[in-house]
Amino acid sequence: MPAHLDPRLLRAFVAVAEELHFTRAAVRLYVAQQALSRDVRRLERELGADLFVRTTRQVTLTADGERLLPHARRVLEAQDALLAAFGQARPLLVDLNSPGLATGRRVLHRARELAPEQELMARYESGLTGAAGDLAAGRLDASFGRFAGLDPALRAPLDHQPVRYEPMALVLPEGHRLASLAAVPLAALAGETVYAGAGNPRTPEWTDLARRLFDGRGVEIAPPAPLAVGEEEFQRLMAKTGHPVLAVVDFPAMPGTVVRPLVDPVPLSPVSLVWRKGLVHPGFDALRRAAAELAAAENWLRRPSEGWIPATDERAMASHN
């Protein structure tokens with residue numbers, strides 16, 4: 001056994017072990033694939049053990065690789081904590097889900113003000129379910145969304161901090177029968193078909209919230225549609241189907257559409273800051289402070305008397321308030 005192990009080699013091993021793909025692991029670590037393969041081979045030589053079974057079709061862990069993985073993760077977590085304590089933290093990666101969602105973006109901007117010496121990087125890739133696996137594996141540090149809507153297995157390695165009860169709204173084509181209203185009563189939606197992300201594997205927590213809201217109100221959830229990436233594609237598909245889209249009140253209006261709040265009752269989307277348990281990073285500390293500060297200043301966690309929220313979400317939000 002070697003007297004010392006370079007943490008870089010362990011980081012390369014963990015990335016390949018979690019991705020089970022050398023190319024994806026190299027992209028994740030911002031290194032060339034050849035350099036990553038070299039580091040893994042060096043680690044195997046130093047440990048005197050084969051850590052992976054490599055074929056042309058797949059990469060799998062050997063028994064020694066399975067045995068090493070939890071130890072390697074603990075070493076890297078300790079290294080990250082040590083570097084953070086001395087102001088040498090790696091960039092913090094935060095998934096804001098969509099550029100149209102203002103809550104997470106505002107929290108991130110405030111955190112950057114609180115910790116200007118830290119690098120807090122945003123990505124816009126997925127809903128909370130889509131982010132959960134990356135959070136648990138350490139490929140992502142934080143995200144925002146409906147924590148109670150996650151599958152229990154996805155929730156288990158994660159923790160959350162309630163940030164906002166965000167009033168929900170509809171995005172409507174300008175010519176829709178409800179577009180002239182200043183606010184749309186839920187009863188007025190009877191007979192409508194509303195798009196709420198059905199079939200999108202990244203956002204089932206949002207579709208589930210819509211189903212709970214519309215249950216017994218005569219509102220149908222639109223069937224799965226191709227995932228629209230970008231504002232232009234979103235507008236095109238919306239114009240083609242004519243379906244209202246379930247959103248939140250801060251969602252930006254696009255050409256040819258209007259955003260109208262839902263009322264009677266006011267449905268609330270429960271937004272939490274979500275991270276993997278045990279995360280240590282000074283940028284993350286700033287993110288949590290920013291979330292608490294904005295929630296207090298904007299009354300984000302004060303529920304309106306006419307507000308609606310599922311009981312499961314009420315319990316999840318209340319347990320951390």
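Reading the values: the criteria
- Residues numbered from 1 in each chain as written.
- Predicted model: local features only at pLDDT ≥ 70, side-chain atom pairs only at ≥ 80, totals over all residues.
- Heavy atoms only, no water.
- Salt bridge = Lys/Arg side-chain N within 4 Å of Asp/Glu carboxyl O.
- Helix = DSSP H or I, 4+ residues; strand = E, 2+ residues; numbered from the N terminus.
- Buried < 20%, exposed > 50% of the residue type's maximum accessible area, 1.4 Å probe, protein only.
- Polar contact = N/O pair within 3.5 Å; in protein donor to acceptor, adjacent residues only side chain to side chain.
- Contact = heavy atoms within 4.5 Å.

Asks: Go over the pattern of salt bridges, please, and point to the residues and values.
Replies: Tallied over the entire structure, the rule returns 22 salt bridges. Asp-134 is paired through a salt bridge with Arg-123; the nearest N and O atoms lie 3.3 Å apart. Remark: Arg-123 occurs in strand E4 (residues 120-123) and Asp-134 occurs in helix H6 (residues 128-137); sequence separation between them is 11 residues. A single burial state applies to Asp-134 and to Arg-123, both of which are buried. Put simply, Arg-146 and Asp-208 hold a salt bridge, and the shortest N to O gap is 2.9 Å. Linking Arg-146 in the loop between strand E5 (142-145) and helix H7 (152-155) with Asp-208 in helix H8 (residues 204-214), this pair joins segments that are 62 residues apart in sequence. In this structure Arg-146 comes out as buried when scored by relative accessible area, which is 5%. A relative accessible area of 24% places Asp-208 in the partly exposed class. Three or more residues are tied together by salt bridges with common partners; here these are Glu-19, Arg-24, Asp-95, Arg-123, Asp-134 and Arg-139.

Asks: Describe the side chain of Asp-95, naming the residues involved and giving the relevant values.
Replies: Tracing the backbone through its elements, the reader meets Asp-95 in strand E3 (residues 92-95). At 2.7 Å, the side chain of Asp-95 forms a polar contact with the backbone nitrogen of Asn-97. Once residues lying within four places of it in the same chain are set aside, the contact partners of Asp-95 are Arg-123, Tyr-124, Glu-125, Ser-126, Ala-131, Leu-140, Ala-142, Ser-143 and Phe-144.

By themselves, these observations are geometric and do not establish any function.
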